[in-house]
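One letter stands for each residue in the lines below.
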Amino acid sequence: MEIVLVIAIGVLTGSGVWLLLRPRTFQVIMGLSLLSYAVNLFIFSMGREGLAINKEPVLRPGLPHDLAHYADPMPQALVLTAIVIGFAMTALFLVVLLASRGMSGTDHVDGSTASDVQEMP
């Protein structure tokens, strides 16, 4: 299970960095989203020691009250908060993208205008 999670985090991080370095604004926004998903998976995986399974998420009578028997709720709360903030950030970036494209006529991140961009045949 750990190797699948590590590969998923690596693929999301690599894809996010590659998209972040692209010249178009929409690709940069998608790269930021993929990076945030990778970080969320990483934080979520740290919530369980060694990604252990069959541990109780809620306190139960008869089990000792330590983290050896329970899942840590803090990473789960952090990931839920990060998902909400990431969604709001993506929506804001898309609105800024649309406004920038309407004002400049292009969606390049380097600030070139529509007349500077060469058309592809």
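Residues numbered from 1 in each chain as written. Predicted model: local features only at pLDDT ≥ 70, side-chain atom pairs only at ≥ 80, totals over all residues. Heavy atoms only, no water.

The next thing to look at is helix H1 (residues 2–20). One turn of an α-helix holds 3.6 residues; hence residues three or four places apart share an orientation. Along its 19 residues, H1 runs 27 Å from first to last C-alpha, staying within 8% of the 27 Å computed at 1.5 Å per residue. Where H1 is concerned, the buried positions are Leu 5, Ile 9, Gly 16 and Leu 19. Projection of H1 onto a plane perpendicular to its axis shows the buried side chains occupying an angular sector of 105 degrees, all on one side. Opposite its buried face, H1 presents the exposed residues Ile 3, Val 4, Val 6, Ile 7, Val 11 and Trp 18, each directed more than 90 degrees away. (Helix = DSSP H or I, 4+ residues; strand = E, 2+ residues; numbered from the N terminus. Expected span 1.5 Å × (residues − 1). Buried < 20%, exposed > 50% of the residue type's maximum accessible area, 1.4 Å probe, protein only. Arc of directions from axis to C-beta.)

This part covers the packing of helix H2 (residues 25–45) against helix H3 (residues 73–104). Following both chains from N to C, one finds H2 and H3 inclined at 175 degrees, their axes separated by 10 Å at the closest point. In terms of axis orientation, H2 runs roughly antiparallel to H3. For the pair H2 and H3, contact is made by Thr 25, Phe 26, Ile 29, Leu 32, Ser 33, Asn 40, Ile 43 and Phe 44 and by Pro 75, Gln 76, Leu 78, Val 79, Ala 82, Ile 83, Thr 90, Phe 93, Leu 94 and Leu 97, respectively. (Axes fitted to C-alpha atoms, helices over the stretch in contact; angles between N-to-C directions. Parallel < 35°, antiparallel > 145°, perpendicular 65-115°, else oblique. Contact = heavy atoms within 4.5 Å.)

The next point concerns the environment of Val 17. If you trace the backbone, Val 17 turns up in helix H1. Distance from Val 17 to Leu 34, taken between C-alpha atoms, is 8.5 Å for residues 17 residues apart in sequence.

Once that is clear, we can look at the pattern of salt bridges. Within the structure shown, the criterion is met by 2 salt bridges. Across the pair Asp 107 and Arg 24 runs a salt bridge whose closest N-O atoms are separated by 2.7 Å. With a gap of 83 residues between them, Asp 107 in the segment after H3 and Arg 24 in the loop between H1 and H2 connect regions that are remote in the sequence. Asp 107 sits in the buried class, given a relative accessible area of 13%. Under the relative-accessibility criterion, Arg 24 is labelled partly exposed at 33%. Among the salt bridges present, the one from Arg 101 reaches Asp 107, with a minimum N-O distance of 4.0 Å. Exposure remark for Arg 101: the relative accessible area of 43% places this residue in the partly exposed category. Among the ionic contacts, a cluster of salt bridges with common partners joins Arg 24, Arg 101 and Asp 107. (Salt bridge = Lys/Arg side-chain N within 4 Å of Asp/Glu carboxyl O.)

This is a description of form; function is not addressed.
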